[in-house]
Each structure stands twice: as structure tokens, then as C-alpha cells.
Amino acid sequence: MAIKTVNIHEAKTQLSALLASVQAGDEVIIAKANKPVARLVLIEAKPKQRTFGLHKDNMIYISDDFDAPLEDAFWLGNGPL
């Protein structure tokens, strides 16, 4: 990741090129009178939020023994139970 510093005038005239540079993974610092004012970085996509209650009307079956210990044959790799 490269960091590039540009002045405000250059940022205004070269915005498309600077955005392409940011999309490629670079970071751009925008300066006024050689003093950093802003940083142009890629926005990370937010993970999709969960929708609670999505399956509330679906019938879901959980066996009464779903949390029962597994037989030794499972742990020893002796084939199917």
C-alpha cells in the first residue's frame, strides 16, 4: 500500500485518477499548504446484518438427544454408527 500526498488543486483536477489509485489499495492524503487535511481511503463493505425472525414460521425439528454423547465408534473412526 502506497501513501500519496496531493494538494487540494491536484485532488480536484485528478479526482478520478486518485479514486482509481485508492481502489487499487493506495491511500491518498489531501493537503492544504503542505499540511494534511484529509485522507482518502477505500471504504470497507459492511457485513450484511442478520434478519432476526427470518425462519420464525418454519417448523424446525431438533431431536431430544441432539446433545447426547457420541458413541466410541464415531471417535475411533470405525465407520458409520
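Before reading on, note that the structure itself is shown above.
Residues numbered from 1 in each chain as written. Predicted model: local features only at pLDDT ≥ 70, side-chain atom pairs only at ≥ 80, totals over all residues. Heavy atoms only, no water.

S.K.: Would you mind showing me how to read a nonpolar patch on the surface here?
M.R.: Residues Ile60, Ile62 and Phe66 make up a contiguous nonpolar surface patch of about 380 Å² in total accessible area. Following the sequence through the fold, isoleucine 62 ends up in the loop between β3 (35-40) and α3 (72-76). (Patch = residues over 30% accessible without salt bridge, like charges linked within 9 Å, V, L, I, M, F, W, Y side chains within 5 Å. Areas by Shrake-Rupley, 256 points an atom, 1.4 Å probe, with all protein chains shown as cover. Salt bridge = Lys/Arg side-chain N within 4 Å of Asp/Glu carboxyl O. Helix = DSSP H or I, 4+ residues; strand = E, 2+ residues; numbered from the N terminus.)

S.K.: Mind showing me how you'd approach the pairing of β3 here?
M.R.: If a strand is regular, its side chains alternate between the two faces of the sheet. Counting buried positions along β3 yields zero of six residues, so the element is predominantly exposed. Where strand β2 (residues 27-32) and β3 come together, five bridges link them in antiparallel fashion. The residue bridging isoleucine 30 from the neighbouring strand is alanine 38, located in β3. As consecutive antiparallel partners, β2 and β3 are separated by two residues, and within that stretch alanine 33 has a phi angle of approximately 55°, a positive value. (Buried < 20%, exposed > 50% of the residue type's maximum accessible area, 1.4 Å probe, protein only. Pairing = 2+ DSSP bridges.)

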